[in-house]
Amino acid sequence: MSGHEIHGRQRHPWSLLALVLVLVCGSLALPGADHRLDPDSARAARPLDPAPPAAHAEEIIRRTLDRQSAALIGGDERGWLRDVDPPLAAEMHRLYRNLRGLRISGWVTDPAGLPAGRDGPVWETDVRIRVCFTGPACARDHVPRRSTDLLTASTAWRVSADRAVVTRFAFDGARGLPSRPTPWERGTLTFAAGRRVIVAAPRGVLRPEAWLAAAERAAVVADRFTLAEPRVGSYLVFLAGRTEWRTWFSAFTDRDVLGYALRPSDTSGFIVIDTTKVRPGAKGESVLRHEMAHIATRYGPSTRVGEWATEGIAEYVAWTGRPVSEYDRAGDARALAAKLRWTRQLDLGWSHSSALRSGYYGMGFFAMRCLSETFGEARMLDFFDRMAHGGRGPAQASGEAFGVSWAAAERTCAPRIRAWLRR
Ligand SMILES: [Zn+2]
């Protein structure tokens, strides 16, 4: 079986993440207040209005986090490690290398409020972190859908009058959040980067270089089907071995899936490949095309689309340039069509049974391929775009993109698909 896309609402309540983000955004309205203070007047004011210890600790921790963030984004590892306790340095070095390898482009931190009425010198606080990769810095006004873009680190700090040193930093501050652990939280990654793709793999286990050429070729194809601007900065492909497949992103996988695409937010997308089941040959390249197609066609603020179309267009991209007669799911589609006594419906439902799912992928592929061959590829993409980014159903999108009713489009495609099924 090929891969599939993980949809935002399958298991993940928005409300919790939205609440957390609101808190993050709330803090973002305040940055830089300390920079506007004249240091002398600040010092002069202190004896009259002494800052409570918690407020002092929070301010200095916040400043240190801001400096670390700037160092991380700027590629300054010495700056990143400057206020790290020596026993923690190896762990922070590992995290730095992982994040830099993924071309981190945003690391927006916000410590939760420290308990008032206490005094240090050791302070513990959960730090909320927004992460963005390979693209523009994290947009402040956009709501990530999943926790891969929004992490919480439990931290401890030794705070003195003029310095905060981090003594603990662990991504365990929000147990139970979905889509974790991310590949960069644990272990050490190794990378192979090309023009459009970064391939990452656990160091010492898998060789990302072995996948780079296939991934670059797949990206060139997927890029042609980009439907929203700005497009994804680079495709991030994580190669999973047996252990990683079972743990990364909470193992959002069916047993027969070879890979999946995860879109945690409007501005991020990850691909995970199960390297125990697929190699970087023709099959691997086809899986990569399929998963990259999910990111190319659904990047940006997108609306819900039926799986028949979401998977159908990913299969369409994976099989672009190849004849339908070679399509590897035709047999599964034929079996499903017989079981359903299919006549002409293109927007079929979906099956959560993996036994039937390959057939649904196949029928989705036939639908999108037929719409493309009948009305032209540009109109087929317009049709999908109206559903994926415009919130239209097939009936409305058909009228707008094809100029015919959905029933007419289905009637037109039925004989062609029946012929494909008979082969
Ligand atoms: Zn898919």
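Described below are features of the structure shown in this document. Residue numbers here run from 1 along each chain, matching the order of that chain's written sequence. Two thresholds apply to this predicted model, a pLDDT of at least 70 for residue-level local features and 80 or more for giving and counting side-chain atom pairs, whereas whole-chain, interface and lining totals are computed over all residues. Each side-chain value is worked out from all heavy atoms of the structure, with water and hydrogens disregarded.

### Focus on the overall build of the chain
Okay, step 1: In terms of regular secondary structure, the chain is built from 15 helices and 10 strands.
Okay, step 2: Under the scheme applied here, a residue whose accessible area is under 20% of the maximum for its type counts as buried, over 50% as exposed, and between as partly exposed, the area being computed with a 1.4 Å probe on protein chains only. In the chain, buried positions account for 53% of the 423 residues.
Okay, step 3: By sequence separation, contacts in the chain at least 24 residues apart represent 70% of the contacts at least 6 residues apart.
Okay, step 4: For the chain, the computed accessible surface area is about 18400 Å², with 52% contributed by carbon and sulfur atoms. In this text, helices come from DSSP runs of H or I with a minimum length of four residues, and strands from runs of E with a minimum of two, each type numbered from the N-terminal end. Any two residues whose heavy atoms approach within 4.5 Å are treated as being in contact. Only the protein chains shown count as covering a residue, and every accessible area follows the Shrake-Rupley method with a 1.4 Å probe.

### Focus on the coordination of the zinc ion
Okay, step 1: At 2.0 to 2.1 Å from the zinc ion lie its protein donor atoms, namely His290 (NE2), His294 (NE2) and Glu311 (OE).
Okay, step 2: Between consecutive donor residues of the zinc ion, the sequence gaps follow H-x3-H-x16-E. Separated by four residues within a single helix, His290 and His294 lie in helix α9 (residues 282-298), roughly one turn from each other.
Okay, step 3: Among the residues examined, His290 registers a relative accessible area of 0% and is labelled buried. With water omitted from the atoms examined, metal sites may look incomplete; donors here are N, O and S atoms no farther than 2.8 Å from the metal, or 3.2 Å in the case of Na, K and Ca.

### Points about the state of the cysteines
Okay, step 1: In what follows, a disulfide is any cysteine sulfur pair within 2.5 Å. Applying the stated rule across the entire model yields one disulfide.
Okay, step 2: The residue that forms a disulfide with Cys370 is Cys413, at a sulfur-sulfur distance of 2.1 Å. Disulfide Cys370-Cys413: torsion about the S-S bond near -105 degrees, hence left-handed. Placement of the pair is Cys370 in helix α12 (residues 354-375) and Cys413 in helix α15 (residues 406-422), with a sequence separation of 43 residues. As far as burial versus exposure is concerned, Cys370 and Cys413 are alike and both buried.

### Section: the nonpolar core
Generally speaking, soluble globular proteins have nonpolar side chains that are buried together.
Okay, step 1: Here, nonpolar core refers to any group of buried Ala, Val, Leu, Ile, Met, Phe, Trp, Tyr and Cys residues whose side-chain atoms link them within 4.5 Å. Counting 47 residues, the largest nonpolar core has Phe366, Leu371, Phe383 and Ile417 as the members making the most contacts within it.
Okay, step 2: Of all the secondary-structure elements, those providing two or more residues to this core are α10 (307-318), α11 (330-340), α12, α13 (377-388), α14 (394-402) and α15.
Okay, step 3: Per-element accounting of this core gives the leading share, nine residues, to α12.
Okay, step 4: Dropping the residues within four chain positions of it, Ile417 is found in contact with Trp342, Leu346, Met363, Phe366, Ala367 and Cys370.
Okay, step 5: Grouped together as the second largest cluster of nonpolar side chains are 46 residues, Ala54, Ala57, Val131 and Val159 included.

### Looking at α10
Okay, step 1: For a helix, the expected span equals 1.5 Å multiplied by the residue count minus one. For α10, spanning 12 residues, the distance from its first C-alpha to its last is 16 Å, which sits close to the expected 16 Å at 1.5 Å a residue.
Okay, step 2: Most of α10 is tucked away, with 12 of its 12 residues classed as buried.
Okay, step 3: Among all positions of α10, only Glu307, Trp308, Ala309, Thr310, Glu311, Gly312, Ile313, Ala314, Glu315, Tyr316, Val317 and Ala318 are buried.

### Regarding the side chain of His56
Okay, step 1: In this fold, His56 is placed in helix α4 (residues 53-74).
Okay, step 2: Here a polar contact means two N or O atoms within 3.5 Å. Within protein one must be a hydrogen donor candidate and the other an acceptor candidate, and residues neighboring in sequence count only if both atoms are side-chain atoms. Within polar-contact distance, the side chain of His56 engages the backbone oxygen of Ala161 at 3.4 Å.
Okay, step 3: Leaving out residues up to four positions away in the same chain, His56 has contacts with Val159, Ser160 and Ala161.

### Some thoughts on the packing of aromatic side chains
Okay, step 1: Aromatic contacts are taken between Phe, Tyr and Trp rings whose centres are within 6.5 Å, Trp giving its six-membered ring; a plane angle under 30 degrees counts as stacked, one over 60 as edge-to-face, and the others as tilted. Within the structure shown, the criterion is met by 26 aromatic pairs.
Okay, step 2: Centroid distance Phe375 to Phe402: 4.2 Å. Interplanar angle 15 degrees. Geometry classified as stacked. Residue Phe375 is located in helix α12, and its partner Phe402 is located in helix α14; the two are separated by 27 residues in the primary sequence. Exposure class is identical for Phe375 and Phe402. Each is buried.
Okay, step 3: When the ring of Phe383 is compared with that of Phe402, the centres are 4.9 Å apart and the planes differ by 25 degrees; the resulting orientation is stacked. Here Phe402 lies in helix α14 and Phe383 lies in helix α13, a separation of 19 residues in the sequence. Neither residue differs from the other here; Phe383 and Phe402 are each classed as buried.
Okay, step 4: Aromatic ring contacts, followed pair by pair, group Phe133, Trp184, Phe238, Trp248, Phe249 and Phe270 into a single cluster.
Okay, step 5: By definition here, charges over rings are those cases where NZ of Lys or CZ of Arg is within 6 Å of the ring centre and within 35 degrees of the ring normal. Taking the ring centre of Trp319 as reference, the NZ or CZ of Arg322 above it sits at 3.8 Å.

### A word on the pairing of strand β9 (residues 259-265)
Okay, step 1: Along β9, seven of the seven residues are buried, which leaves the element largely enclosed by surrounding structure.
Okay, step 2: Pairing between two strands is assigned when DSSP locates at least 2 bridges connecting them. In this sheet, strand β10 (residues 268-274) lies alongside β9 in antiparallel orientation, the contact comprising five bridges. By the bridge assignment for β10, Leu262 is matched with Phe270.
Okay, step 3: Remark: two residues form the turn of the hairpin made by β9 and β10, two consecutive strands paired antiparallel.

### Some thoughts on unusual backbone geometry
Okay, step 1: The residue Arg103 is not glycine, and still its phi comes out positive at about 50 degrees.
Okay, step 2: Position of Arg103 relative to the elements: it lies in the loop between α6 (89-101) and β2 (104-111).
Okay, step 3: For Arg103, a relative accessible area of 36% puts it in the partly exposed group.
Okay, step 4: The phi dihedral of Arg341 is positive, around 50 degrees, even though this residue is not glycine.
Okay, step 5: Mapped onto the elements of the fold, Arg341 is located in the loop between α11 and α12.

### As for the sheet that holds strand β4 (residues 150-159)
Okay, step 1: Read from one edge to the other, the open sheet built from four strands follows the order β2-β3-β4-β5, with strand pairing classed as antiparallel. At either end of the open sheet lies a strand with only one pairing partner, and these are β2 and β5 (164-170). Strand-to-strand twist in this sheet, taken as the mean axis angle between neighbours without regard to direction, amounts to 35 degrees.
Okay, step 2: Inspection of the sheet shows β2 paired to strand β3 (residues 122-133) by seven bridges, in the antiparallel sense. Between the N-to-C directions of two axes lies an angle of 0 to 180 degrees, each axis being a line fitted to C-alpha atoms and, for a helix, fitted only over the stretch in contact.

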